[in-house]
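Below are the chains, spelled out letter by letter.
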Amino acid sequence: MQLTPNYYNDRVCLNVLANSIDNAKEIYEAAQNHVVVGILSKNYSDNDSAIADMQKYAAAIDNAISVGLGAGDPNQSIMVSEISAVLQPQHINQVFTGVATSRALLGQKQTVINGLVSPTGKVGLVNIATGPLSSNSPAGIIPVETAIALLKDMGGSSIKYFPMGGLKHKDEFEYVAKCCAEYDFYLEPTGGIDLDNYEAILKIALDAGVKKIIPHIYSSIIDKATGATRTNDVKQLLAITQKLVG
C-alpha cells in the first residue's frame with residue numbers, strides 16, 4: 001500500500017473532493033493518478049462508520065485518499081487523527097495544533113500531514129491559532145519561518161495556507177512560497193482556487209522553488225446539481241499542471 005501521494009514529475013499532486021466511490025474512481029483516472037481525493041470526516045457520525053467507508057475509497061483508488069476535516073473545522077481534529085491511525089492514508093488535513101497527534105498515531109513518516117495556517121493581511125506573518133480552542137482565542141500571529149519550524153518539530157510535512165480567497169493574498173502567498181522553498185517544506189494553497197486562477201497560483205509556488213505542491217481545488221469544480229466533482233475540470237487542472245511543470 002502506497003503511503004505517499006503520486007506527484008506529477010515528483011512536484012505537484014492535486015487535491016479534490018469526491019461525493020462517491022464512483023466519482024473518486026473517475027477523478028483518479030482523469031488526473032492520471034496525480035491526485036489525492038478528499039473525504040471529509042465531518043460527514044460521518046462516528047469513527048467506525050468513517051473508517052469502514054473510507055477503506056472502500058482507499059481500495060478503489062490505490063489508497064490515494066486525503067482525510068479531511070470539513071471546511072477546516074477544528075472540532076474534527078481528533079477524529080481525523082484517530083481514523084487516520086487506522087486508515088494510513090496518503091494525505092491528512094490538520095489544524096496547526098493537531099499535527100503532532102496525527103503523526104504520533106500514524107506511527108510512520110511517509111504520509112503527508114499538513115498544518116493549517118491562515119493569512120493575516122501582513123506579508124511574512126501567519127496566524128497559527130487554528131485549533132479547537134485557539135481558533136476562538138486572539139490570533140496567534142508569528143513569522144512564516146517560525147510556523148514552518150514549529151510544524152517540522154511536530155512532524156508536519158506542509159503548510160496548508162487557508163483561506164486564500166484565490167489571489168486575494170498574493171503578496172503574502174509569494175512570501176510563504178519563498179519560505180517553504182528555502183526551508184525545504186511542502187505547500188498546499190487552499191481556498192477560492194478555480195480554473196481561472198489556478199495557473200497563476202501554481203506558478204507562484206513553482207517559481208519560488210517549492211519542492212512539492214498540493215493545491216486544493218474544491219467547490220469551484222463541483223457540479224451543484226449532483227454534488228460530484230466534474231472530471232473534465234480535473235483534466236483541465238492536470239493539463240495546466242503539465243504545462244507549467246513540464
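Every chain's residues receive numbers from 1 upward, in the order its sequence appears when written. Whole-chain, interface and lining totals are the exception, using all residues; otherwise, since this is a predicted model, local features are given only for residues with pLDDT of at least 70 and side-chain atom pairs are given and counted only at 80 or more. Hydrogens and waters are ignored; side-chain quantities use all the structure's heavy atoms.

(A) Expanded view of the pattern of salt bridges. Basic side-chain nitrogens of Lys or Arg form a salt bridge, by our definition, when they fall within 4 Å of a carboxyl oxygen of Asp or Glu. Tallied over the entire structure, the rule returns seven salt bridges. For the salt bridge of Asp-184 with Lys-211, the shortest nitrogen-to-oxygen distance reads 3.8 Å. In this pair, Asp-184 sits in the loop between helix H6 (170–182) and strand E9 (186–189) while Lys-211 sits in the loop between helix H7 (198–208) and helix H8 (231–245), placing the two residues 27 residues apart along the sequence. A salt bridge links Glu-199 to Lys-243, with the nearest nitrogen and oxygen atoms 2.9 Å apart. Of the two residues, Glu-199 is situated in helix H7 and Lys-243 in helix H8; the sequence distance between them amounts to 44 residues. On the basis of relative accessible area, Glu-199 is assigned to the partly exposed category, the value being 29%. Burial classes follow relative accessibility: with a 1.4 Å probe on protein chains only, a residue under 20% of its type's maximum area counts as buried, one over 50% as exposed, and anything between as partly exposed. Taking the relative accessible area as the measure of exposure, Lys-243 reaches 55% and is therefore exposed. The secondary structure listing takes helices from DSSP runs of H or I that are at least 4 residues long and strands from runs of E that are at least 2 residues long, numbered from the N terminus.

(B) Inspection of the packing of helix H1 (residues 21–30) against H8 at higher detail. Orientation is described by axes fitted as lines to C-alpha atoms, over the contacting stretch for helices, and by angles from 0 to 180 degrees between their N-to-C directions. At a closest axis distance of 8 Å, the pairing of H1 and H8 adopts a crossing angle of 25°. In terms of their interaxial angle, H1 and H8 are classed as roughly parallel. Relative to H8, H1 is oriented so that their crossing is right-handed. Of the residues in H8, those in contact with Glu-26, Ile-27 and Ala-30 of H1 are Thr-231, Val-234, Lys-235 and Leu-238. Its residues placed into classes, the contact of H1 with H8 shows four nonpolar, one polar and two charged. These descriptions rest on fixed angle ranges, namely under 35 degrees for roughly parallel, over 145 for roughly antiparallel, 65 to 115 for roughly perpendicular, and the rest for oblique. In this scheme the handedness of a crossing depends on how the near helix is turned from the far one: anticlockwise by less than a right angle means left-handed, clockwise means right-handed. Pairs of residues are marked as contacts when any of their non-hydrogen atoms sit within 4.5 Å. Residues are grouped as follows: nonpolar covers Ala, Val, Leu, Ile, Met, Phe, Trp, Tyr, Cys and Pro; charged covers Asp, Glu, Lys and Arg; every other residue, Gly included, is treated as polar.

(C) Representation of the nonpolar core within the structure. By nonpolar core is meant a set of buried Ala, Val, Leu, Ile, Met, Phe, Trp, Tyr and Cys residues that side-chain atoms within 4.5 Å join together. Met-54, Val-126, Ile-159, Tyr-161, Leu-187 and Tyr-198 are the most contacted members of the largest nonpolar core, which totals 65 residues. Per element, the largest residue contribution to this core is six residues, and it comes from H7. With residues near it in sequence (within four places) discarded, Met-54 still touches Ile-39, Leu-40, Ser-41, Tyr-44, Ile-65, Val-67, Ile-83 and Leu-87. In terms of nonpolar packing, the next biggest core, distinct from the first, is built from six residues, Tyr-7, Val-36, Val-112 and Ile-214 among them.

(D) Highlighting the packing of aromatic side chains. Pairing of aromatic side chains here covers Phe, Tyr and the six-membered ring of Trp, requires ring centres within 6.5 Å, and sorts the geometry by plane angle: under 30 degrees stacked, over 60 edge-to-face, intermediate tilted. For the structure shown, the criterion picks out two aromatic pairs. Look at Tyr-7 and Tyr-186: their rings are 6.4 Å apart centre to centre, the planes differ by 75°, and that puts the pair in the edge-to-face class. Of this pair, Tyr-7 sits in the segment before strand E1 (14–17) while Tyr-186 sits in strand E9, and the two are 179 residues apart along the sequence. Measuring from centroid to centroid gives 6.1 Å for Tyr-161 and Phe-173, while their planes differ by 25°, and the two rings are stacked. Placement of Tyr-161 in strand E8 (residues 158–161) and of Phe-173 in helix H6 is noted, with a sequence separation of 12 residues between them. Grouping residues by exposure puts Tyr-161 and Phe-173 together as buried. Sitting above the plane of the Phe-162 ring, Lys-160 keeps its charged end 5.8 Å from the centroid. A cation over a ring is seen here: Lys-212 above Tyr-7, with NZ or CZ 5.2 Å from the ring centre. Put simply, a charge is over a ring when the Lys NZ or the Arg CZ is close to the ring centre, within 6 Å, and near the line of the ring normal, within 35 degrees.

Scope: geometric values only; no functional claims are made or implied.
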